[in-house]
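# Examination of the molecular architecture
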Amino acid sequence: MASLQARVLYDFDGDPKNGELIIRAGDILSVARQDVGDGWWEGSLNGGAHGLFPAAYVELCEEDDVPNFPPPLPPQIETTNGTTYNQLKLDGGIKIDWDDDHSSTSDTVSQDVDFGSNLSSRTNTISKTGTVRKSINRFSNFVKSGGEDFLLGKLPETNISKYDHLVTEEGPDGITWQPIPVPFTIKVNEAEKKSKFKGMKSYITYSVQPSNKAVAVQHRFKHFDWLHERLMIKFPCISIPPLPEKQLTGRYSEDLVLKRRYLLEKWMRRVSRHPVLAQSRIFEHFISTCSETREKEWKDGKRKAEVDKVIGANFFFTISAPPLNVAPHKVEAEVEVFKEFVKNMDDSTRKMIEIGESDWDKVSRAHRDQYKKFSSGIKALGTAFATENAPYSLALTQAMDHTAQQYNDIGDLCADQPKKDMLHVLEVLREYTGLLSTYPEIINVHKGAFAKVKECQKLQEEEKLKYAEVANVSQRMDTITCAMFAEIQHFHRERCRDFKEMMNNYLTEQVRFHQQIISKIQSSIAMFDHVPE
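Now for a description of the structure that goes with this document. (Residues numbered from 1 in each chain as written. Predicted model: local features only at pLDDT ≥ 70, side-chain atom pairs only at ≥ 80, totals over all residues. Heavy atoms only, no water.)

## Some words on the overall build of the protein chain
Helices and strands together make up the secondary structure of the protein chain, namely 12 helices and 15 strands. Among the 533 residues that make up the protein chain, the fraction classed as buried is 44%. Looking at the protein chain as shown, the accessible area adds up to about 28,800 Å², and 53% of this sits on carbon and sulfur atoms. (Helix = DSSP H or I, 4+ residues; strand = E, 2+ residues; numbered from the N terminus. Buried < 20%, exposed > 50% of the residue type's maximum accessible area, 1.4 Å probe, protein only. Areas by Shrake-Rupley, 256 points an atom, 1.4 Å probe, with all protein chains shown as cover.)

## Here's the deal with the sheet that holds strand β12 (residues 186-196)
In space, the three strands of this open sheet follow the order β12-β13-β14, with antiparallel pairing throughout. Each end of this open sheet is capped by a strand with a single partner; those strands are β12 and β14 (217-220). Neighbour-to-neighbour, the strand axes of the sheet open up by a mean angle of 30 degrees, direction not taken into account. Of the strands in this sheet, β13 (201-210) and β14 are in contact with helix α4 (residues 221-234), which crosses β14 at around 85 degrees. (Pairing = 2+ DSSP bridges. Axes fitted to C-alpha atoms, helices over the stretch in contact; angles between N-to-C directions. Contact = heavy atoms within 4.5 Å.)

## Some points on helix α6 (residues 281-288)
Within α6, burial applies to Ile282, Phe283, His285, Phe286 and Ile287. Lining the buried residues of α6 we find β12, β13, β14, α4, α5 (254-272) and α7 (295-306).

## What about the pattern of salt bridges?
All told, the structure shown has 39 salt bridges when counted by the stated rule. Measuring nitrogen to oxygen at the nearest pair gives 3.1 Å for the salt bridge that ties Asp346 to Arg350. Here Arg350 and Asp346 lie together in helix α8 (residues 328-385), a separation of four residues that amounts to about one turn. Accessibility expressed as a relative area gives 8% for Asp346, which makes it buried. Lys379 is the partner of Asp401 in a salt bridge, and the nearest nitrogen-oxygen pair spans 3.8 Å. Of this pair, Asp401 sits in helix α9 (residues 391-420) while Lys379 sits in helix α8, and the two are 22 residues apart along the sequence. Each of the salt bridges in this network shares a partner with another, and the network as a whole consists of Lys266, Arg270, Arg273, Glu431, Glu494, Arg497 and Asp498. (Salt bridge = Lys/Arg side-chain N within 4 Å of Asp/Glu carboxyl O.)

## Structural notes on the packing of aromatic side chains
Counted according to the given criterion, the structure contains 20 aromatic pairs. Their ring planes at 85 degrees and their centres at 6.0 Å tell us that Phe235 and Phe315 sit as a pair that is edge-to-face. With Phe235 in the loop between α4 and α5 and Phe315 in the loop between α7 and β15 (319-320), this pair connects stretches of sequence that are 80 residues apart. Of the two residues, Phe235 and Phe315, neither departs from the other in class, the shared state being buried. Their ring planes at 70 degrees and their centres at 5.4 Å tell us that Phe315 and Phe316 sit as a pair that is edge-to-face. (Phe/Tyr/Trp six-rings, centres within 6.5 Å; stacked < 30°, edge-to-face > 60°.)

## Digging into the nonpolar core
Counting residues in hydrophobic clusters, the biggest one holds 101 residues, and the most contacted among them are Trp177, Phe224, Leu227, Met268 and Phe315. Residues within four places of Met268 in sequence aside, it is in contact with Ile186, Val188, Val208, Phe224, Leu227, Phe283, Phe286 and Ile287. Formed by seven residues, the second largest nonpolar core is a distinct cluster that contains Val363, Tyr407, Phe513 and Ile517. (Core = buried A, V, L, I, M, F, W, Y, C linked by side-chain atoms within 4.5 Å.)

## Concerning the environment of Glu501
Structurally, Glu501 is set in helix α12 (residues 467-529). Looking at Glu501, the relative accessible area reads 40%, which means it is partly exposed. Spatially, the C-alpha atoms of Glu501 and Val428 are 9.9 Å apart, while their sequence positions differ by 73 residues.

## Points about empty space enclosed by the protein
Scanning all chains against the criterion turns up three cavities of 30 Å³ or more. If you go around the largest cavity, you meet 13 residues; those closest to its centre are Ser239, Arg270, Leu435, Tyr439 and His490. Of all the secondary-structure elements, those providing two or more residues to the lining of the largest cavity are α5, α10 (422-436) and α12. Here the lining of the largest cavity spans two domains, since at least three of its residues come from each of domain 2 (174-320) and domain 3 (335-529). (1 Å grid on protein atoms, 1.4 Å probe; cavity = no way out; pocket = protein on both sides within 12 Å on 5 of 7 lines; lining within 4 Å. Points joined across faces, edges and corners; volume = space filled by probe spheres on them. Domains from an automatic or database assignment.)

## Details of the sheet that holds strand β11 (residues 174-177)
The three strands are arranged β11-β10-β15 in an open sheet whose pairing can be described as mixed. Only two strands of the sheet have a single partner each, and these edge strands are β11 and β15. In this sheet, β11 lies alongside strand β10 (residues 166-171) in antiparallel orientation, the contact comprising four bridges. Within β11, the residue paired with Glu170 across the bridge is Ile175. Along the sheet face, α12 touches β10, β11 and β15 and points at about 80 degrees away from the line of β11.

## A short note on the packing of α4 against α5
Taken N-terminus to C-terminus, the directions of α4 and α5 make an angle of 30 degrees; their axes are 12 Å apart at the nearest point. The angle between α4 and α5 places the two elements in the roughly parallel class. Regarding α4 and α5, the two cross each other, and that crossing is left-handed. Touching Phe221, Phe224, Leu227, His228 and Leu231 of α4 are Arg260, Leu264, Trp267, Met268 and Val271, all from α5. Considering only residue class, the contact of α4 with α5 consists of eight nonpolar, one polar and one charged. (Parallel < 35°, antiparallel > 145°, perpendicular 65-115°, else oblique. Left-handed = near helix turned anticlockwise from the far one by under 90°. Nonpolar A, V, L, I, M, F, W, Y, C, P; charged D, E, K, R; others polar.)

## Let's talk about the side chain of His490
If you trace the backbone, His490 turns up in helix α12. Residues in contact with His490, not counting those within four places in the same chain, are Arg273, His274 and Pro275.

## Description of the packing of α8 against α9
The geometry of α8 relative to α9 is characterised by a closest axis approach of 8 Å and an angle of 170 degrees between their N-to-C directions. In terms of axis orientation, α8 runs roughly antiparallel to α9. The residue inventory of the contact of α8 with α9, partitioned by class, reads 15 nonpolar, 11 polar and six charged.

Spelled out as structure tokens, the structure:
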């Protein structure tokens, strides 16, 4: 019987020391087990490496869809000190490096482990006393976020200040984050090259001007990077937009500085539109305290953020959620629908990027060259006609020369047009490839929590857990679900806003472009109307 095959949907940088596979979108896996637990499956990659991978990152495929594999590649080479480095690279130039965690041998699984006999140490297990034991797999997205501790009531409740208090509410379209009372936007204005240590070290600062602040603040790129990192740590179940890549070579060139300023402004504006991120104390500190002129205040606020206890698992204690009167199977189905939506949108976005890049090349080169070639042909005819100086022939020669010039100008229009319409389309699409890459882990947090709830319900049926205990777990699950639903609603609202604006801009520029062409052709027709018959 042929083994079950699965196609990888998203990149996953597993830890080989912990028995996990490193897989890439498009890889084909042979599935050995689907009952590992906690959202994990066991299988092998290309007939070679064997290990665990997240079930949410793959889809089962028919045998006919599986391609023939080339011979497996040689094994990876480790560095001399035994450390390996995993790298995740996203479209649009976004690159995130992850160092392997250094853990004690008691927490790790050898790469040559016998998965058939030792996987029980990684799965969710039920003790004889009827309690739910925490998953040993510390690399599960659910466990890493701290959600399992919160769900099982293993965390003491943390005192939540009014600044950290978050509210989800029932709206006409479902659960949403409570909106920002006074929306604002942000401009990242001029960039300035500065130096210190008597000119020995140079750096660039960017002026950040919120619309709700009277004074702009200056920050370096490393401060934006710090903000992104803190938001990731504090809000484990919120999509944090990827930050533009830091480039070392040519980092002071005018083009790079201008491009980075533009991308940082887009990033800041997206963060400022999120009801949770925009009102967080971390973000407020960043947009109100200048790292250049108020260095002491900046560092004090930075230290407070870095010792903040309301992060990870404690994030869920900050959320006030309305009663969730939705059947569990409907919740699970809705999350599955969103997962499929993310996959389909990611596929179509990447395909549209390919189409857009091809269209750019076709319009700016092939179409330009074709119009200019036609122009040169008309010009050659006009030059030939000019040898006849009869009065009735002069008007025709002038009309031919005018038409040649108009088609030459149309060629120039084609060369410049993609910068006016397709450029913005590609920028939005590339930004969304980064945004979409943040959702698989968030979805896995919810799937892991849901699996734990089902486990508790099974224990209740076996009379190993009391109804009140399971009810408390279900209530905490509702909080996680409300946060998930609120994120889904925010994503879709942003998507509708962004793609409406993108298409309006593209179509408006297309109309302007073709109107210019029509105007030039009509002017040539008018010239020929004056040619005597």
